[in-house]
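Working through the structure, step by step
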Amino acid sequence: MAANGSSCEQPQRRAGAKDKQNGQSADASLRERRQKDKEERLSLVVWRKPITTLHYFLLETLIKLKEWTLKLWQQRGIVVLVLVLCSLLSFVYSTEGAHQQYVEYLEKKFLWCTYWVGLGILSSVGLGTGLHTFLLYLGPHIASVTLAAYECSSTDFPEPPYPDQIVCPQGGGLEGSVSLFSIMSKVRLEACMWGAGTAIGELPPYFMARAARQSGADPDDEDYEEFEEMLEQAEGAQDFVTRAKLGVQHMVQKVGFFGILACASIPNPLFDLAGITCGHFLVPFWTFFGATLIGKAIVKMHIQKLFVIITFSKHIVEQMVSLIGSVPKVGPLLQKPFSQYLEAQRNKLHHAGGSAPADENWLSWVFEKVVLVMVAYFVISIVNSMAQSYAKRLQQQRHSEEKTK
């Protein structure tokens with residue numbers, strides 16, 4: 001009987017080993033197919049396949065509009081309530097009366113805050129690539145306020161939103177009356193609103209990963225696929241970037257609120273997976289968003305703001321211009337446009353209300369063109385991302401049809 005038992009166990013072991021081998025080969029073929037599909041989607045970009053990319057982009061746009069319309073129809077009660085509130089606000093806004101001064105003040109503040117929150121969302125929302133709105137908008141704004149404060153010896157500018165050009169007060173100020181903290185207070189609202197926008201931009205990956213974990217569905221997102229692959233290959237990870245991402249993931253998962261706060265409070269290029277990590281491990285919403293909001297809108301923004309203000313302080317700028325001139329051969333060539341640009345800014349501030357000089361050097365021209373190129377690249381990245389999303393729909397449809405055959 002013992003012999004019969006051992007002989008029965010051997011076929012069972014062989015069958016188990018064969019099933020295991022079949023499972024491994026199936027997983028390998030599945031990974032290979034996913035990698036092939038991913039490479040095929042990533043090749044779909046404007047500069048390689050412009051007609052196909054634009055065609056897929058338009059089709060994906062129509063699908064998204066249809067989905068959003070259906071979602072609005074499902075929430076039609078809330079939509080009607082919002083429309084009623086907007087109608088009441090429009091009536092109050094258009095009616096003459098003593099309340100108009102408060103309406104005008106609230107309108108200016110609301111539009112100013114909305115502008116910076118929107119730029120912050122564009123900086124961190126996952127649309128293929130983020131628009132670097134700190135380098136393009138907030139950083140130059142803080143720099144211009146800093147230069148103007150030292151030039152005017154005062155921060156008594158008009159309340160935000162400023163006019164087209166920041167103007168010095170008529171009476172001027174005392175030399176040396178401008179301090180680091182007074183400039184920080186002047187730009188605090190814009191900086192905090194921009195930081196709040198970056199925190200809001202981290203919410204879509206969080207909700208996507210949370211819904212995927214709860215439903216078990218496979219979401220249509222490249223970053224989530226990268227996150228799952230990173231978790232599968234966690235033990236054998238060797239490169240620095242993967243280990244650093246795993247370190248952030250472990251810190252967020254184990255430490256919780258304070259771990260998220262620490263990662264959000266410093267300029268951290270690895271924070272892009274924090275929302276996916278928190279959603280995947282079902283971290284409570286207010287734990288994630290509260291820590292992200294405090295870290296990005298308060299702690300991190302004060303660090304970045306302080307860095308820009310110190311960099312563009314009057315004595316540091318003068319030292320920087322002199323250092324540029326000391327560079328052999330190319331130094332004097334680079335020093336001249338920087339000096340002309342700073343002199344033009346001073347002239348604009350001193351000609352408040354009058355005709356400012358219209359002299360423009362090549363430095364400002366280059367900066368304008370860089371801004372246009374970055375904005376154009378951001379728009380193209382959105383087109384590529386939506387076209388690739390539609391391509392993934394086609395691939396999933398093709399695979400589902402192959403299974404049914």
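All of the points below concern the structure found in this document. (Residues numbered from 1 in each chain as written. Predicted model: local features only at pLDDT ≥ 70, side-chain atom pairs only at ≥ 80, totals over all residues. Heavy atoms only, no water.)

1. Brief notes about the packing of aromatic side chains
How we decide: Between 30 and 60 degrees the pair is tilted, below 30 it is stacked and above 60 it is edge-to-face, where a pair is any two Phe, Tyr or Trp rings, Trp via its six-membered ring, whose centres lie within 6.5 Å. For a ring to carry a charge above it, either NZ of a lysine or CZ of an arginine must fall within 6 Å of the ring centroid while also lying within 35 degrees of the normal to the ring plane.
With the rule as written, the count across this model stands at 13 aromatic pairs. One aromatic cluster is present, built from ring pairs that chain together Tyr 206, Phe 207, Phe 285, Trp 286, Phe 288 and Phe 289. Lying over the aromatic face of Trp 73, Arg 76 brings its terminal NZ or CZ to 4.5 Å of the ring centre.

2. Focus: the nonpolar core
Formally: Side-chain atoms within 4.5 Å link the members of a nonpolar core, which is a set of buried Ala, Val, Leu, Ile, Met, Phe, Trp, Tyr and Cys residues. Under the scheme applied here, a residue whose accessible area is under 20% of the maximum for its type counts as buried, over 50% as exposed, and between as partly exposed, the area being computed with a 1.4 Å probe on protein chains only. Whether two residues are in contact is decided by their heavy atoms, any of which lying within 4.5 Å being enough.
Counting 23 residues, the largest nonpolar core has Leu 138, Phe 157 and Trp 194 as its most contacted members. Contacts of Leu 138, omitting those with residues within four sequence positions, involve Trp 116, Thr 133, Glu 190, Ala 191, Trp 194 and Met 301.

3. Quick word on a nonpolar patch on the surface
Definition in use: Two distance rules govern patches: like charges are joined within 9 Å, and nonpolar side chains (Val, Leu, Ile, Met, Phe, Trp, Tyr) within 5 Å, applied only to residues with over 30% relative accessible area and no salt bridge. Here the accessible surface of atoms and residues is derived via Shrake-Rupley with a 1.4 Å probe, and residues count as covered only by protein chains that are part of the display. When a carboxyl oxygen of Asp or Glu is within 4 Å of a side-chain nitrogen of Lys or Arg, the pair counts as a salt bridge. Under the DSSP-based scheme used, a helix requires at least four consecutive residues in state H or I and a strand at least two consecutive residues in state E, with every element numbered from the N terminus.
A contiguous nonpolar patch, built from Val 80, Leu 81, Val 84, Leu 85 and Leu 88 and spanning about 460 Å² of accessible area, is present on the exposed surface. Looking at where Leu 81 falls in the secondary structure, it is placed in helix α3 (residues 76-94).

4. Describing the packing of α3 against helix α4 (residues 100-124)
The test is simple: Between the N-to-C directions of two axes lies an angle of 0 to 180 degrees, each axis being a line fitted to C-alpha atoms and, for a helix, fitted only over the stretch in contact. Working definition: roughly parallel below 35 degrees, roughly antiparallel above 145 degrees, roughly perpendicular at 65 to 115 degrees, and oblique for all remaining angles. Three classes are used, and their members are as follows: Ala, Val, Leu, Ile, Met, Phe, Trp, Tyr, Cys and Pro are nonpolar, Asp, Glu, Lys and Arg are charged, and the others, Gly among them, are polar.
Two elements in contact, α3 and α4, have axes whose closest approach is 9 Å; the angle formed by their N-to-C orientations is 120°. Relative to α4, α3 is oriented oblique. Along the contact surface, α3 presents Val 92, Tyr 93 and Ser 94, while α4 presents Gln 100, Val 103 and Glu 107. Looking at the contact of α3 with α4 residue by residue, the class counts come to three nonpolar, two polar and one charged.

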